Structure formats: structure tokens, C-alpha cells
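# Structural characterization, general
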Amino acid sequence: MTDDIYHSDFQLGPDLSGKRIVVAMSGGVDSSVVAALAARTGAETIGVTLQLYDHGSAVKRAGACCAGQDIRDARAVADKLGIAHYVFDHESRFRESVIDHFADEYMAGRTPIPCVRCNMGVKFTDLFRLARELGADCLATGHYVRRVEGAAGAELHRAADPARDQSYFLFATRQDQLDYLRFPLGGMPKPQVRAIAQEMGLIVAMKPDSQDICFVPDGDYASVVRKIRPDAEIGGDIVHLDGRVLGQHKGLIHYTVGQRKGLEVGGQPVPLYVIRLDPATQRVIVGPRAALAVQAARIIDSNWLTSIGNRAVMAKVRSMSRPVAARLDGEWLRFDVPEYGVAPGQAAVLYDGDRVLGGGWIEETVAVELALVS
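My aim in this report is to walk through the structure given alongside it, one point at a time. None of these values were measured; they are calculated from a predicted model. All residue numbers refer to positions counted from 1 along the written sequence of the respective chain. Side-chain atom pairs in this predicted model are given and counted only at pLDDT of 80 or more, local residue features only at pLDDT of at least 70, and totals for whole chains, interfaces and linings cover all residues. For side-chain calculations, the full set of non-hydrogen atoms in the structure is used, while hydrogens and water are omitted.

## Here we look at the overall build of the protein
Numbering goes from the N terminus for both helices and strands, where a helix is a DSSP run of H or I of at least four residues and a strand is a run of E of at least two. Each helix and strand in the protein was counted, giving nine helices and 17 strands. The C-alpha atoms of the protein give 22 Å as radius of gyration, which agrees with the globular expectation for 374 residues (21 Å, within 12%). If one aligns the C-alpha atoms of the protein with their principal axes, the spans along those axes are about 70 × 45 × 35 Å. Note on exposure labels: buried denotes an accessible area under 20% of the residue type's maximum, exposed denotes more than 50%, and partly exposed covers the range between, all computed with a 1.4 Å probe on protein chains only. Buried residues in the protein amount to 53% of all 374 residues. Contacts: residue pairs with any heavy atoms within 4.5 Å of one another. Residue pairs at least 24 apart in sequence account for 66% of intrachain contacts in the protein once pairs closer than 6 positions are excluded. Only the protein chains shown count as cover for residues, with accessible areas throughout obtained via the Shrake-Rupley method and a probe of 1.4 Å. Split by element, the accessible area of the protein, about 16600 Å² in all, is 49% carbon and sulfur. Counting 42 positive and 46 negative side-chain charges, the protein places the averaged centre of each group 2 Å from the other. Throughout, the radius of gyration refers to the C-alpha atoms, and the reference size of a globule is 2.2 Å times the residue count to the power 0.38. Charged residues are defined here as Lys and Arg on the positive side and Asp and Glu on the negative side; His and the ends of the chain fall outside this count. Where a charge lies is defined by one atom per residue type, namely NZ (Lys), CZ (Arg), CG (Asp) and CD (Glu).

Below, the structure written as C-alpha cells:
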């Protein structure tokens, strides 16, 4: 294998001897390769793993991160590379700042993104403190995004491989954090990362990717919320937009905006979707797909990586969606063409080409039909 495949720029200058790099190691292939690349530069490399949770079956589940076997894998990789490795127990902080918030959001009829909350709090804030205490010149992670040195400082850009891009989950990264962070995998396709791991004999070379929500066993969100908030399953009516009661549900935690399956209100002339959730009345409001069309969304708790103003942007309102044309008008994001499935609790991330401008949390939306009437 040629040395070209190992090329990565930690943006610390041409000579990294005497430099110190702290790598956030989750036990997966991506962060393990980052540690390997850092060690290869000649810089002193230290691996740090945060133990975030210990939820029984989740610890043993393939695809979990930051628990059980993954911590052992991170340590084994560090031993293979001959670098120091430290594990810090942050389970209680993770529960308070991420898991409890996740449960509360579902109970409030919203659709949370715990991965962003984790990056905003436990991962970046705590890892930054640890890295600085260790005297590191930078903190490197295995995220698939690019850090580009612009005329006015570091910029956050989408990954070179659109299928791997994780910029949506990092919109809340502050400028001072971005100055210190490094993302050496942002310009690589995943097969290259696995090839490096195999070439270097890392035990995680073929390990499955971690799932987005690490603490949710088998993707059953409701069971996690139920354990944390035993009163979560309060039933109520499933109501059509026209006011007809179509059936009963077993709790708002089982539904999200845009959901079609699992409504159990058969015999309708057209497919029905969850249009909104009303926690005040415990109602699930359903209607045809056209009723999901949103003209505008109000964004709160925004984080901007550059001066934003009122301008035309490309906006991404779900992690798996493509950016769409929109315009920022104060707190309001107004879509050029109606957008579907925009859910309070999700994030709206704004782009200028590949550059991440920043974003915020979707607090409320304005349906197309209401916008036309007003």
C-alpha cells in the first residue's frame, strides 16, 4: 500500500515532532484510524474515551458506542499503536444532558436529535477540557466533515463523500471549538478508512458502524422513554384535521411528524400521516401528505459560524434530507418551495455551498395552507 493512502493533514504545520494530539476514541474504525494517522505523523498521540452509558443489552449490542466492548476495542487499538489511552466515566452527565432531554422532548411531542446534544455537551465540551488539561495542540475526531482554513479563520465544510457527511450533527460547534478541532477523515471515502485499518492490523477494521442513537437498543425509542419517564404512555385520540376522531393511541412517544406506519386507522380513502402532536390534549393529528407541506420554520438557540444576516441559503431540516433553497428572515427560515416533514425539535442547518454557516433548533412551523390564509 502506498503512503498516499495514509496522507492526512492535522493542520499543525509541516513538522509535528514535539506536537501533542488527543484523539477522541469511541472504539469504532473511524476514530481508531484517526489515532493511527496521528501516531504516524510523529506527534505524541493520546487516546481518550468517555464512558457514556451502561444500559444492559445496549452495552453488548453490535453497533453501540462508548460502552462495554467498544471501550475494550479502543484500548486494544491504543495498545497496538503504542499510545497512551485514558477512559473517563461521564455516565451521569450523559444521562442528565442527553438521555433525560431525549425523553422529555418525546413526551412534549417533539422529535429530538440526541447526537447533536451529545456533541454540544458531553463530547466536545468535556473532551475539550480534558484535551487542554493534557496539553494537546488539537483534539482530533473521526467525524466525516472538513475543517478548512479560510481568510477569516477555520471554517466547517461538508465531507468530500456526501454519503458519509456528518456536518448536520455538528452545526452547534462554536468557533473557538472549531479552531481547536481536527477532522482528518473528512476528505476520505469510507473504503479507504477501512483499508488503512486493515493494513495496520487494527482489530476494528471490519467492525460495523455505530448507530446514530447509541443508547437506544434495537431502535425502540419508546421503551427507552418509558424506562426513564414511567408516565410517558398516556393515551388519547387520533384526530383527522377535519375534526373526526379516527381512533385511539397509546402515547405520543410512539409518533413523530411525518409518520405513516403504525397509525392503525385503516379504511381511509387516502394514506394518512402524522401532521402534528398536541401534548396539551394528548392528541395525534393526522391528515393527507399535502398537509405536511411547510412554508416556514422558526429557529431558536442558533449558532452561527459566520455573519449570517438575512440571506438566501441552502437548508437541511432532517439528517437524511438534501439541502433545499430557503431564505433566513430573522428567526424565520422561509422555504422557496414547500418542504415536507419539518418537525419541531429537529435542527435546521444552513449551508453556502459546502460550507456550514450554522443553524438552530426548529421551534415551530407554519403550514402552507395557514400561510396562504394569513
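## Some remarks on the packing of helix α4 (residues 91-107) against helix α8 (residues 221-228)
When two helices pack together, their arrangement is captured by the angle between the axes and the distance separating the axes. Packing of α4 against α8 leaves a shortest axis separation of 9 Å and a crossing angle of 105°. With respect to their mutual orientation, α4 and α8 come out roughly perpendicular. Contacts between α4 and α8 involve R95, I99, D100, F102, A103, Y106 and M107 from the former and Y221, V224, V225 and I228 from the latter. Lines are fitted to the C-alpha atoms to define the axes, a helix being fitted only along its stretch in contact, and any angle between axes, read from their N-to-C directions, falls within 0 to 180 degrees. With respect to orientation, any angle under 35 degrees is reported as roughly parallel, any angle over 145 as roughly antiparallel, any angle of 65 to 115 as roughly perpendicular, and every other angle as oblique.

## Quick word on the environment of R327
Take R327: it is sitting in strand β14 (residues 324-329). Given the relative accessible area of 43%, R327 is considered partly exposed. Considering only alpha carbons, one finds R327 and I228, 99 residues apart in sequence, at a separation of 39 Å. Apart from residues no more than four positions distant in its own chain, R327 is found in contact with N310, R311, A312, V313, W332, L333, R334 and D336.

## Describing the side chain of R194
With respect to the element layout, R194 can be found in helix α7 (residues 190-199). With a relative accessible area of 15%, R194 lands in the buried category. A 3.5 Å cut-off defines polar contacts: any pair of N or O atoms within that distance qualifies, except that in protein one atom must be a possible hydrogen donor and the other a possible acceptor, and neighbouring residues in sequence count only when both atoms are side-chain atoms. A distance of 3.0 Å separates the side chain of R194 from the backbone oxygen of K207, its partner in a polar contact. Sequence-distant contacts of R194, defined by excluding residues within four places in its chain, comprise V29, V204, A205, M206, K207, P208 and D209.

## Looking at the sheet that holds strand β4 (residues 138-140)
Remark on secondary structure: sheet strands pair via backbone hydrogen bonds, oriented parallel or antiparallel. When DSSP finds two or more bridges between a pair of strands, those strands are recorded as paired. Judged by pairing direction, the sheet is parallel, and its five strands sit side by side in the order β3-β2-β1-β4-β7 without closing on themselves. Looking at which strands have only one partner, the edges of the open sheet turn out to be β3 (84-89) and β7 (181-182). With two bridges connecting them, β4 and β7 associate as parallel partners. The residue of β7 that forms the bridge with L139 is L181. Most of the contacts of helix α1 (residues 29-40) go to strand β1 (residues 20-24), to which it runs at about 170°, and overall it touches β1, β2 (44-51) and β4.

## So, the nonpolar core
F94, F102, L139, L156 and F215 are the most contacted members of the largest nonpolar core, which has 53 residues in total. The element contributing the most residues to this core is helix α5 (residues 114-133), with nine residues. Once residues within four sequence positions are removed from consideration, L156 is found in contact with V145, R146, L170, L178, F183, L305, D354, R355 and V356. What makes a nonpolar core is a set of buried Ala, Val, Leu, Ile, Met, Phe, Trp, Tyr and Cys residues whose side-chain atoms join them at distances within 4.5 Å. Core analysis: the second largest hydrophobic core is formed by 31 residues, M25, L37, A43 and I196 among them.

## Digging into α4
Residue count minus one, scaled by 1.5 Å, sets the expected span of a helix. For α4, spanning 17 residues, the distance from its first C-alpha to its last is 22 Å, which sits close to the expected 24 Å at 1.5 Å a residue. At H101, α4 is bent by approximately 25°, the largest bend along its length. Among the residues of α4, F94, V98, I99, D100, F102, A103, E105 and Y106 are the ones counted as buried. Positioned one or two residues after α4, G109 has a phi angle of 80°, which is positive. The quantity called bend is, for any residue, the angle between two axes fitted respectively to the seven residues ending at it and the seven beginning at it.

## A look at the pattern of salt bridges
Any carboxyl oxygen of Asp or Glu that lies within 4 Å of a side-chain nitrogen of Lys or Arg is treated as forming a salt bridge with it. What the rule picks out here adds up to 24 salt bridges. Of the charged contacts in the structure, one is a salt bridge between E133 and R129, with a shortest N-O distance of 3.4 Å. With a gap of four residues between them, E133 and R129 both fall in helix α5, about one helical turn apart. For the salt bridge of D176 with R174, the shortest nitrogen-to-oxygen distance reads 3.0 Å. Look at D176 and you get partly exposed, because its relative accessible area is 42%. What you see here is one network of salt bridges that share partners, running through D30, R164, K190, R194 and D209.

## Considering the packing of aromatic side chains
Stacked, tilted and edge-to-face are the three classes applied to pairs of Phe, Tyr and Trp rings, where Trp contributes its six-membered ring and a pair requires centres within 6.5 Å; stacked means planes under 30 degrees apart, edge-to-face means over 60, and tilted covers the rest. Within this structure, the stated rule accounts for four aromatic pairs. For the pair F102 and Y106, a centre-to-centre distance of 5.1 Å together with 70° between the ring planes defines the contact as edge-to-face. With F102 and Y106 both in helix α4 and four residues apart, the pair spans about one turn of that helix. The exposure class of Y106 is buried, given its relative accessible area of 4%.

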